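# Survey of secondary and tertiary structure
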Amino acid sequence: MSQFSVIGKNVPKVDAFEKVTGQPIYAADLKMQGMLYGKIVRCMDHAHARVTRLDFSEALKIPGVIKILGPEDVTQTTYNTGACDEMVSDKVGHLLGDLKDQTIFTYHVRHQGDAICGVIATSEEIAERAAAKVIVEYEPLQVFMTPSEAEKTGTHQLHPDKPNNMAFQLPDAMFPGNSYGWGDAEEAMKEADLIVEDNFYVNKQKQCQMEPHAYIAQVDGRGRLHCWSSGQMPKITHQKIARLFDMPMSMVKIHSTTIGGGFGARLGIISEPETCAMALAVPGRPVKVQTLREEDWIISESRHAGDYWMKLGFKKDGTPVACQARFKANTGAYFTHASGVPFTTGAWLSGMYKFGALGYQGESYFSNQAPAGAYRGYGNPQTNFVLEQLIDRALTQLDIDPVQWRLDWHKGVGDDGWCFGVKYPSCQLSECLRQGAEAIEWDKKVAANKQQSGVKRRGVGVSVMNHTSGAMPMLLEHTVTTIMMNEDGSAVVSTACSDLGQGSHTVLHQIAAEALGLEMHEVTLKTGDSDANGFDIGSHASRTTYVGGNSILEASDDVKKQLLDRASRHLDTSVENLEFGGKTIFAKNNPENSITTAEICRLGVYNYMDPETGEPEGAPGQIFGFSSHFAKHNSPPFGACFVEVEIDTETGEIELLELVHTHDIGRTLHPAMAEGQMVGGAQQGIGMALTEEIYYDDQGLALNSSFTDYKMYGSSDMPKMKVILVEDPDPHGPYGAKSVGEAGLTSPVGAIANAVYNALGIQFKEAPITPEKVLKAIKENGLNFA
Amino acid sequence: MKERMIELTVNGINLNISVPVHQTLLDTLREQLGFTDTKYGCGTGECGACTVIIDGEDSLCSCMALASTLNGRSITTAAGLAEQGLNAVQQAFIDQTAVQCGYCTPGMVVKSTSLLRKNPNPTEEEIRKELEGNICRCTGYDSIVKAVQQAAQSFPEENTQWDNAVELKTGAHS
């Protein structure tokens, strides 16, 4: 029997009942009295241009148009829609060269979709018609779309402080030689018997969360600014909006709506500034902004595409002596996460294998692409695509089995994790590799593939990854929890942790219920109210279960300490002599001397005076537990993914036959939700490897901003999947849990590429690996599979 | 703006309403009648978030139909399926943890119910085929397919326990 009552159980998701009937309120579902509608006029015909004429006169003639705001009608304070600027100290931000380079509306269009002005009208339809009547004339400017175009001499410079459009490189002051790693990789490389080296391109992938962004903002009678937002970082949104409009945080309230998926797209802010600016122009009236899908596609941040060079050196016996790499990320039109992603891309690289020496250079370049930002994995899938393929290329030449080599050389307990000095406290990657290889019948299939013939070719591939549970010590890791004990002993847990759908609120309920000895329904989570919830950095970096969970445990300990103190008084014995038994506290030396926690809570609130003794009936005061928790570790999880593919060498089509996903989870708090993260993550990793990319024409205009033209794996396309969760409780995680959120996406990327390599003997240096690329490569390599 | 009177039955309620002739059924449901359980995902019939059941069995993307052309028709949304308590599909979505962000869920539930009403015993392939027009970016579809299979098994009333396929294995150190 399990030692836990709710941990590790597939309890119903706390939001599931409402969701299956469609009752939760997403931002777009809100309707308010006197509501106006905002429509943002965006530049759709140019990727880089200057506005030469902006004329509202025709639009203002349409009945129902209330106001139109241009670039000069709103605050000139600049901001960064990302969140990295709020998560590092000013000193580090300065060293990194972080920029706040965005404005609410602009005369300088830096990417297709940049916002020019905002129309406020009495209906959505009128706002749309008026937006079409706004006259905007442009002077086109030189368009540049890639890092190599961006850094060319003579290219238009997007920001005066960033020569050659280089938005970021690892700063020398923090990373000597602008390089992250250990040892002298260039020197160490000279010792190698075998060197593999290549240039790769990683693709611009879109999160494609199902809910298009929508917002409402309103200034109330007291002048308070309210914003209904589906952001995944409500407290960061709170801070950013207050600062942008120069208001104290007490005069801004963020109401979090149900979040229809995020995957990074809702990290930081998106169109909250435009919506709030419009609301401030019409005090008292709520203003709603509904983003259209095609609009959402080009204005919200995507994954960083980029050019990735890597060089690996090995001894004949497989010993990895050196790794050198350089990632030139495409940050797009604005700074956003230009410093965060190129750092972590190298950090994940450094956390994986025991190279003798490693040197990684990370950079970001501006371009006229839509801004890049956070996307599930945050640099990790990019590294996975490149590193895992190059490893396999070397292993083919060394004639070493890919699973065995990874067993021999992956980092583990006691080694430095992705951030030096923070050592891995737990690691079950070897077990993941062994169980995954067994599940997919690795040895049998590798042997069979060597003998195959015909136009259809099969291949198996493996890839491993390390990730993180929260972003300490790189970024701030802080969550505040208060637990209010109701007078009947049930609990209200207040925290700003958001749930993007992954189930964090369910897991946080489980943790609180387990810690307090309560049933699931005796715990309520109070979230989504910036007036009530203390600080939380937001849902990102696979942190909510780990950091939010530990914060709840800390606050629960505070509650339990108070309960014990009071029980000691009620039962007239020492705290040391007391023990919890479910919802009862009893004396160890006399179990009949006991009191329920509900009774303690009741007496604390209804603290009447006993008329006979003149004394209060119990210890006075309602019990509140509190925690302002800073994460002490980041307990990285590992994982290994195994894939089998079948490739039609006449059509280039790659069919995924099977995907085995193993994960080093610490302890599983909710098996079905953990499995859901792995399977759902795989769907996105498959997309990155095989089908998903935003394509642009030569003028920088997006070609596939729709679900028809942007290809994602659907219900019929998904392979047979098996998820294996390998448990070994982590010393730091809540009940031993490590993260599972982002991990599911990462390792399928490299595993698929390696399976294709195993099938065809060809490596693909540009993701995604489309049928066109497969056919072209077969032809170029002069291969004949008939 | 030209309007047309239509008679529309939504979740069993008979309504006589005037709708702009160019208004989609999605907008009529959400904006005019307040049935916000039907979701806007793309507006172009690509994602299935706005799926509703029409005349009890077939499904359609409500963003692709003009309300003014649906005079006399009957519409069922996800909320309408739960009027006598959750239907078997909805219960199965909860049991199989087939719900994550929930935005595609009403459309998925409606589409799956439509499938099971037409074919109460579908193969896994038929289920996956039927759901091709409904995009979910959270689950990877496996839990949804399992939910439809569970619902099919217990259709209309049986309540079968479903064995979850996730495997928990003990690590070497524990």
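Here the structure is a predicted model, which is why all the values come from computation and not from measurement. (Residues numbered from 1 in each chain as written. Chains lettered and ligands numbered in written order. Predicted model: local features only at pLDDT ≥ 70, side-chain atom pairs only at ≥ 80, totals over all residues. Heavy atoms only, no water.)

Another point: the pattern of salt bridges. All names here are of chain A. Within the structure shown, the criterion is met by 48 salt bridges over all chains. Across the pair D416 and K423 runs a salt bridge whose closest N-O atoms are separated by 3.1 Å. When the shortest N-O distance is used, the salt bridge between K444 and E441 registers 3.3 Å. Residue classification places K444 among the exposed residues on the basis of a relative accessible area of 56%. Residue classification places E441 among the partly exposed positions, given a relative accessible area of 39%. (Salt bridge = Lys/Arg side-chain N within 4 Å of Asp/Glu carboxyl O. Buried < 20%, exposed > 50% of the residue type's maximum accessible area, 1.4 Å probe, protein only.)

What follows concerns the nonpolar core. Counting residues in hydrophobic clusters, the biggest one holds 178 residues, and the most contacted among them are M310(A), L312(A), F642(A), L760(A) and F93(B). Per-element accounting of this core gives the leading share, nine residues, to helix α19 (residues 743-760) of chain A. Not counting residues within four places of it along the chain, the set of residues in contact with L312(A) comprises M189(A), L194(A), I195(A), V196(A), A322(A), C323(A), F355(A), L387(A), L390(A) and I391(A). Judged by nonpolar contacts, the second largest core, of 38 residues, contains V493(A), A513(A), L525(A) and L553(A). (Core = buried A, V, L, I, M, F, W, Y, C linked by side-chain atoms within 4.5 Å. Helix = DSSP H or I, 4+ residues; strand = E, 2+ residues; numbered from the N terminus. Contact = heavy atoms within 4.5 Å.)

Below, the discussion takes up the interface of chain A and chain B. The accessible area lost on association of the parts is a frequent measure of interface size. At the junction of the two partners, chain A supplies 73 residues and chain B supplies 53 residues. Buried area between chain A and chain B, both sides added, is near 4800 Å², and the carbon and sulfur share of it is 54%. Summed over the three residues of chain A that lose the most area to chain B, namely V20(A), M210(A) and S715(A), the buried surface amounts to 16% of that side. Across the contact surface, chain A and chain B share five salt bridges. The salt bridge involving D29(A) is made with K39(B); its shortest N-O contact spans 2.6 Å. Between chain A and chain B we count 32 residue pairs in polar contact (both at pLDDT 80 or more) in total. Looking at the side of chain A that touches chain B, the elements with two or more residues in it are α1 (16-20), α13 (429-440), α18 (671-690) and β27 (720-727) of chain A. When residues of the side of chain A that touches chain B are assigned to their parent elements, the largest contribution, 10 residues, is made by α18(A). Partitioning the side of chain A that touches chain B into residue classes produces 32 nonpolar, 26 polar and 15 charged. (Buried area = accessible area lost by both parts, 1.4 Å probe. Polar contact = N/O pair within 3.5 Å; in protein donor to acceptor, adjacent residues only side chain to side chain. Nonpolar A, V, L, I, M, F, W, Y, C, P; charged D, E, K, R; others polar.)

Turning our eyes to something else, we now look at the domain arrangement of chain B. Residues and elements named next belong to chain B. Examined at the domain level, chain B breaks down into domain 1 (3-81) and domain 2 (88-154). Placing a centre on the C-alpha atoms of domain 1 and another on those of domain 2 gives a separation of 21 Å. Every contact between the two is made by 19 residues of domain 1 and, on the other side, 14 residues of domain 2. For the domain 1 and domain 2 pair, buried surface summed over both sides reaches about 1400 Å², with 56% attributable to carbon and sulfur atoms. Here domain 1 is connected to domain 2 by one salt bridge. Between D58 and K118 there is a salt bridge, with its nearest N and O atoms 3.2 Å apart. Applying the counting rule to domain 1 against domain 2 returns nine residue pairs in polar contact (both at pLDDT 80 or more). Those elements that place two or more of their residues in the side of domain 1 that touches domain 2 are β3 (51-54), β4 (58-61) and α2 (78-81). Examining the composition of the side of domain 1 that touches domain 2, we find that three residues originate from one element, β3, more than from any other. (Domains from an automatic or database assignment.)

Quick look at the domain arrangement of chain A now. All names here are of chain A. For chain A, the assigned domains read domain 1 (31-143 + 206-299), domain 2 (399-469 + 636-786) and domain 3 (478-630). Computed from C-alpha atoms alone, the centre-to-centre distance between domain 2 and domain 3 is 42 Å. Taken together, the 16 residues of domain 2 in the interface contact 16 residues of domain 3. With both chains or domains summed, domain 2 and domain 3 bury close to 1300 Å², and 64% of this area falls on carbon and sulfur atoms. The largest share of the area that domain 2 buries against domain 3 comes from M673, P734 and Y735, three residues that together contribute 41% of it. The interface formed by domain 2 and domain 3 holds zero salt bridges in total. In this structure, the connection of domain 2 to domain 3 is made through four residue pairs in polar contact (both at pLDDT 80 or more). Its residues assigned to classes, the side of domain 2 that touches domain 3 shows five nonpolar, nine polar and two charged.

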